[in-house]
Amino acid sequence: MPDDETIQAVMYGPLVLAGRFEAVGKDMLYGEYGPKDNAQTKVPDIVADPDKPTAWVEPDPKQAAPRFHAVGQSQPLTMVPLYQLIQERYAVYWKVNKKSL
């Protein structure tokens, strides 16, 4: 992001990658508009070496389709092209913190 370089998105060629979270239930799809109490999910911060900005994302060798996973993070994270996500929670922008040595 131009005003905060710690906020980053990941691309695979022309494809924007999104971090996949849990599926969204019918109550969230067809409920009332606006935020719901206790429905917020915190997107995990990423820890990475600023000299190697893509080192925290690796292709998943077990998958034929473009699928990636985060490396060295506090919780597992699967990343897929944004267009593949339907009725799931996801994140595209990540707060990337400097890895402590």
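Residues numbered from 1 in each chain as written. Predicted model: local features only at pLDDT ≥ 70, side-chain atom pairs only at ≥ 80, totals over all residues. Heavy atoms only, no water.

To continue, consider the overall build of the chain. Within the chain, the regular secondary structure consists of one helix and nine strands. Across the chain, helices and strands are ordered from the amino to the carboxyl terminus as β-β-β-α-β-β-β-β-β-β. Looking at the chain as a whole, 26% of its 101 residues qualify as buried. Taking the intrachain contacts of the chain between residues at least 6 apart in sequence as the baseline, contacts between residues at least 24 apart amount to 67%. (Helix = DSSP H or I, 4+ residues; strand = E, 2+ residues; numbered from the N terminus. Buried < 20%, exposed > 50% of the residue type's maximum accessible area, 1.4 Å probe, protein only. Contact = heavy atoms within 4.5 Å.)

What follows is about the sheet that holds strand β1 (residues 7–8). Read from one edge to the other, the open sheet built from three strands follows the order β1-β9-β4, with strand pairing classed as mixed. For this open sheet the edge positions go to β1 and β4 (46–48), each flanked by a neighbour on one side alone. By the bridge criterion, three bridges tie β4 to strand β9 (residues 94–98) in an arrangement that is parallel. Pairing of Ala 48 across the sheet is with Lys 98, part of β9. (Pairing = 2+ DSSP bridges.)

Here the structure, examined in full by the defined rule, presents one salt bridge. Put simply, Arg 20 and Glu 88 hold a salt bridge, and the shortest N to O gap is 2.9 Å. Taken as a pair, Arg 20 in strand β3 (residues 15–23) and Glu 88 in strand β8 (residues 88–91) lie far apart in primary sequence, 68 residues in all. Owing to a relative accessible area of 25%, Arg 20 belongs among the partly exposed residues under this scheme. (Salt bridge = Lys/Arg side-chain N within 4 Å of Asp/Glu carboxyl O.)

Attention shifts here to empty space enclosed by the protein. To find leftover empty space, a probe the size of one water molecule is rolled over the atoms. A full pass over the atoms with the stated rule returns one cavity of 30 Å³ or more. In this structure, the largest cavity spans a volume of roughly 30 Å³. Contributing to the lining of the largest cavity are Pro 44, Asp 45, Ile 46, Gln 73, Ser 74, Gln 75 and Leu 77. A class-by-class count of the residues in the lining of the largest cavity yields three nonpolar, three polar and one charged. (1 Å grid on protein atoms, 1.4 Å probe; cavity = no way out; pocket = protein on both sides within 12 Å on 5 of 7 lines; lining within 4 Å. Points joined across faces, edges and corners; volume = space filled by probe spheres on them. Nonpolar A, V, L, I, M, F, W, Y, C, P; charged D, E, K, R; others polar.)

A few words on the layout of surface pockets. The space that makes up the largest pocket amounts to roughly 180 Å³. Lining the largest pocket we find Glu 5, Thr 6, Gln 8, Ala 48, Asp 49, Pro 50, Pro 53, Val 96, Asn 97 and Lys 98. Tallying contributions element by element places β9 first for the lining of the largest pocket, with three residues. Looking at side-chain class alone, the lining of the largest pocket contains four nonpolar, three polar and three charged residues.

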